[in-house]
Amino acid sequence: MHDATTAAGPAAACYGPLSMEAPDAELIRTIAGAGPGGPDAEAELCRRFAPRVYLYGRRHLRDEDRARDLVQAVLLAVLQAARAGRVAEPEHVDRFILGTCRNMASRVRATEARSAGSEALDVIESSAPWATWNEARADVGALLRCLAALDERSRQVVTLTFQDEYPADEIASRLTMSPGNVRVTRHRAVAALRRCLDTAGGPRKETAQ
Amino acid sequence: MNICQGPLAWGTLVDYWAGDLPPAEADRVEEHLFGCAGCAEVAARVASVTETLRAVLPPAVSRARLDALRASGIRLRENVFSPGERRAVLFEHDADLLIHRLGGLDLTGADHVSLRIVVESTGEQLAELDAVPFERGEGAVLIACQRHFASLPADTRFELAIHASGIPSAVTRAEYTVIHQFPPA
């Protein structure tokens, strides 16, 4: 797993040093074995996948609270499946978790996750503290300042995309640009906002893109 | 840990969060993100920008949008300001959104209205928008002040420029200063 304070961009993050070397499949087998290493393996599995499930929830449910509920519901189901030896292909547990996300996303409810009454919830809560996911929310004041510093065209593209929810083709039509140019402008604008937020004192310094 | 098969491009992640990828490609991105902690971390850095942008209302909103917000359960408090007025407003706990109604304007012949938001004490420009929604019948521009704006300086000056239809040089200006007060949580 990557140290959030030292990760350095996609390549380094993908190939960088790990704080725990065990492959995902080994964690699943350890959990299924019900041995003394089980609780640590469960905690590590949650630590690895909770942020990814949360991002999935933000992307598909468009709501912070519902995304957190999804994390609980999905990880609970995954831990229960792992304990029961029902993860058929431990080498592909990432696909198992994604499949569980897709199945649950449309019916996630706060009560569904919290009424389960399982000690697995304690594992999820203790190993994946919500506070570490603040990366998914930027400082609004800083973001507005950074937005004001963009050139007018970039600001229009960003605003039309993320506040008015127009697709690239529609934005291209409105601003007399090509769709490809809209996408390139958007990529650069989001990168500029990210750099600006980091320079303005964000939680971490910018990484390579 | 699993080995990354090839980092996703920044642009692909931006398009993913913009909801602007074909469904099959979005599925492939998700499959990669679930198998790669490093790329998921970069995706989170993209999302911190895009999802915060989505959560922020634009500074000026239409009356229709306010009506829709009110209908959805958002608690609105409206403060009325006249041109040149400088006044403090309190963001009470029982409000979700403060609306500054910048009124007293003749908008009957307006083509568009531009807005500049400035910190009064420092002159720092927070935003400059070429064309914002305006209420011709009310003679007003509606500013949406959100609770998370507490991180901005409290003294804010809103500068409006009203551009008349067909007469590019005909611009009328008005200023309003709002001192924002946020009680402790």
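Since this is a predicted model, take the numbers as computed values, not measurements.

Caption draft 1: Focus on the nonpolar core. In terms of nonpolar packing, the biggest core is built from 68 residues, with Val53, Val74, Leu75 and Ile97 of chain A together with Ala43 of chain B touching the most fellow members. No other element matches the 11 residues that helix α4 (residues 64-83) of chain A contributes to this core. Leave out the neighbours within four places in its chain, and Ala43 of chain B touches Leu55 of chain A together with Leu13 and Leu33 of chain B. Among the nonpolar cores identified, the runner-up in size contains 25 residues, and Ile99, Leu105, Leu152 and Val178 of chain B belong to it.

Caption draft 2: Local environment of the confidence of the model for chain A. Residues and elements named next belong to chain A. Of all residues in chain A, 71% have pLDDT values of 70 or greater, and the mean over the chain is 76. Mean pLDDT per element in chain A: helix α1 (residues 9-15) is the minimum at 31, and helix α11 (residues 179-199) is the maximum at 95. Residue range residues 1-19 is modelled with pLDDT below 50. Its contacts to residues more than four positions away, or to other chains, number 44 contacts. Contacts of residues 202-209 to residues separated by more than four positions or lying in other chains number 18 contacts, the stretch itself having pLDDT below 50.

Caption draft 3: Main features of helix α9 (residues 152-162) of chain A. Within α9 of chain A, burial applies to Gln156, Val157, Val158, Thr161 and Phe162 of chain A. Those residues of α9 of chain A that are buried lie in contact with α10 (168-175) and α11 of chain A together with α1 (10-18) and α3 (37-55) of chain B.

Caption draft 4: Fine view of the interface of chain B and chain A. Contacts between chain B and chain A engage 46 residues on the former and 48 residues on the latter. Every element with two or more residues in the side of chain B that touches chain A is listed here: α1, α2 (23-35), α3 and β6 (125-129) of chain B.

Caption draft 5: Representation of the environment of Arg70 of chain B in the model. Relative to the elements of secondary structure, Arg70 of chain B occurs in helix α4 (residues 63-71). Arg70 of chain B sits 27 residues away from Leu97 of chain B along the chain, and the two C-alpha atoms are 9.8 Å apart.

Caption draft 6: Representation of the pairing of strand β5 (residues 110-119) of chain B. Residue and element names in this part refer to chain B. Where β5 lies against strand β8 (residues 155-164), 9 bridges are found, and the strand directions are antiparallel. Following the sheet pairing, Leu115 is matched in β8 by Leu160. Judged from the 4 bridges that link them, β5 and β6 form a sheet pairing that is antiparallel. If you follow Leu115 over to β6, its bridge partner there is Leu129.

Caption draft 7: Structural context of unusual backbone geometry. Residues and elements named next belong to chain A. At Ala34, a position not held by glycine, the phi torsion is positive, near 55 degrees. Relative to the elements of secondary structure, Ala34 occurs in the loop between α2 (24-33) and α3 (38-61). Backbone geometry places Thr176, a non-glycine residue, at a positive phi of 55 degrees. Mapped onto the secondary structure, Thr176 falls in the loop between α10 and α11. By the C-beta count within 10 Å, which is 7 here, Thr176 ends up exposed.

Caption draft 8: Structural view of the packing of α4 of chain A against helix α5 (residues 93-105) of chain A. Residues and elements named next belong to chain A. Direction vectors running N to C along α4 and α5 enclose 130 degrees, while the axes themselves pass 10 Å from each other. Between α4 and α5, the interaxial angle falls into the category oblique. Between α4 and α5 lies a crossing whose hand is right-handed. Contact residues: Leu70, Ala73, Val74, Ala77 and Val78 in α4; Phe96, Ile97, Thr100, Cys101, Met104 and Ala105 in α5.

Caption draft 9: Just the sheet that holds strand β2 (residues 76-81) of chain B, in detail. Residues and elements named next belong to chain B. Strands sit in the order β1-β7-β4-β2 across an open sheet of 4 strands; the sheet is mixed. With partners counted over all chains shown, the strands left at the sheet margins are β1 (60-61) and β2, one partner each. As paired strands, β1 and strand β7 (residues 141-146) are joined by 2 bridges and run antiparallel to one another. Its bridge partner lying in β7, Val61 is registered against Leu142. Against the sheet, α4 contacts β1, β2, β4 (97-102) and β7, and its axis sits at roughly 150 degrees relative to β2.

Caption draft 10: Region of the structure containing α11 of chain A. If you check α11 of chain A, its first and last C-alpha atoms are 30 Å apart, about what 21 residues at 1.5 Å a residue would give, namely 30 Å. All buried positions along α11 of chain A are accounted for by Val182, Arg183, Thr185, Arg186, His187, Ala189, Val190, Leu193, Arg194, Cys196 and Leu197 of chain A. Here the buried face of α11 of chain A lies against α8 (140-149), α9 and α10 of chain A together with α1 and α3 of chain B.

Conventions and cut-offs
For every chain, the first residue of its written sequence is number 1, and the numbers climb from 1 along that sequence. Key to labels: chains lettered from A, ligands numbered from 1, both in the order written. Totals for whole chains, interfaces and linings use every residue, but because this is a predicted model, local features are given only for residues with pLDDT of at least 70 and side-chain atom pairs only at 80 or more, for both listing and counting. Defined on buried residues, the nonpolar core groups Ala, Val, Leu, Ile, Met, Phe, Trp, Tyr and Cys residues joined through C-beta atoms within 7 Å. Counting other C-beta atoms within 10 Å of its own, a residue is labelled buried from 20 upward, exposed at 12 or fewer, and partly exposed in the gap between, with every C-beta atom placed from the backbone. Going along the chain from the N terminus, every DSSP run of H or I of four or more residues is numbered as a helix, and every run of E of two or more is numbered as a strand. Two residues qualify as a contact pair if the distance between their C-beta atoms, derived from the backbone, is within 7 Å. Predictor confidence is given residue by residue as pLDDT, running from a minimum of 0 to a maximum of 100. A pair of strands is labelled paired if DSSP reports no fewer than 2 bridges between them. Structural elements are reduced to axes, namely lines fitted to C-alpha atoms, with helices fitted over the stretch in contact, and the angle between N-to-C directions of any two is expressed from 0 to 180 degrees. Any angle between 65 and 115 degrees counts as roughly perpendicular, while under 35 counts as roughly parallel, over 145 as roughly antiparallel, and the rest as oblique. Each helix crossing is assigned a hand: it is left-handed if the near helix lies turned anticlockwise from the far helix by less than a right angle, otherwise right-handed if that turn is clockwise. Every helix has an expected span of 1.5 Å times one less than the residues it contains.

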